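Chains, contacts and geometry: an overview
So the chains spell out like this:
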Amino acid sequence: MSDWEEAMTVGVESLDVHHRQVLRRIRHLANAVSAGDAVDVRSSLRFLHAYLSEQLCDEERWMEDAGYPGAREHVRAHAAILERIASVRADASAGAERRLLETAAWVARALEGHMGGDDLKLGRFWTARENLRRLAEAGPGVGAALTPIPGLLPAHSPRPRRDEDAAAHAPTPVPSADR
């Protein structure tokens, strides 16, 4: 689990703030799993479950208010993660410690994948929606400052303005030694 990188942003500040906190908790959880510390894993999962329960509920209300078309599947993904955490926290049967460590590792992977996949799609939807709103408010023939859609263009590679600009910036072929 890496530190926060700008490429992880979904373009919605409230989600990015939430993701930074989740990433810190996942890193702590991963360290506890690596150390095999079941007490620390259980504690991390308890904190993560409480934090996610509150934050994901807010996110789900926000998706509903925004009319996000992928909300139903997104909510199911949230429920699956929360259910998995709750079930392993309640497990006191034989072999529970092993399942606790396995589930904690799964939770870390699932959350990382969710933030980089489902939440990125949500961020793209929100950004596109806001860009359309800005264009509509600006009116016909008036330019508007638009926000780049997260994850579509790398920040370090500028987009060519026109086809001829792209051709002008193409690498020059190296002459062959055969000639």
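The structure we're discussing is the one just above.
In this report, we go over the structure that sits alongside the text. (Residues numbered from 1 in each chain as written. Predicted model: local features only at pLDDT ≥ 70, side-chain atom pairs only at ≥ 80, totals over all residues. Heavy atoms only, no water.)

Note on placement: Pro 69 falls in the loop between helix 2 (38-66) and helix 3 (71-90). On the accessibility criterion, Pro 69 (66% relative accessible area) is exposed. Put simply, Pro 69 and Phe 125 are 56 residues apart on the chain and 8.9 Å apart in space, counted from C-alpha to C-alpha. (Helix = DSSP H or I, 4+ residues; strand = E, 2+ residues; numbered from the N terminus. Buried < 20%, exposed > 50% of the residue type's maximum accessible area, 1.4 Å probe, protein only.)

What follows concerns the side chain of Glu 130. Inspection of the secondary structure puts Glu 130 in helix 5 (residues 118-138). Taking relative accessible area as the criterion, Glu 130 reaches 16% and is therefore assigned buried. At 2.9 Å, the side chain of Glu 130 and the side chain of Arg 133 are in polar contact. (Polar contact = N/O pair within 3.5 Å; in protein donor to acceptor, adjacent residues only side chain to side chain.)

For any two helices packed against each other, the geometry is given by the interaxial angle and the distance between the axes. For the pair helix 2 and helix 4 (residues 96-116), the least separation of the axes is 11 Å and the interaxial angle reads 35°. In the packing of helix 2 onto helix 4, the handedness of the crossing is left-handed. Only Glu 97, Leu 100, Leu 101, Ala 104, Val 107, Leu 111 and His 114 of helix 4 make contact with helix 2, whose side of the interface consists of Ala 38, Val 41, Arg 42, Leu 45, Leu 48, Leu 52 and Glu 59. Here the residues of the contact of helix 2 with helix 4 sort into 10 nonpolar, one polar and three charged. (Axes fitted to C-alpha atoms, helices over the stretch in contact; angles between N-to-C directions. Left-handed = near helix turned anticlockwise from the far one by under 90°. Contact = heavy atoms within 4.5 Å. Nonpolar A, V, L, I, M, F, W, Y, C, P; charged D, E, K, R; others polar.)

Take the pattern of salt bridges next. Scanning the entire structure with this criterion turns up five salt bridges. A salt bridge links Arg 133 to Glu 137, with the nearest nitrogen and oxygen atoms 2.8 Å apart. Here Arg 133 and its partner Glu 137 are both found in helix 5, four residues apart, which amounts to about one turn of the helix. On the basis of relative accessible area, Glu 137 is assigned to the exposed category, the value being 58%. (Salt bridge = Lys/Arg side-chain N within 4 Å of Asp/Glu carboxyl O.)

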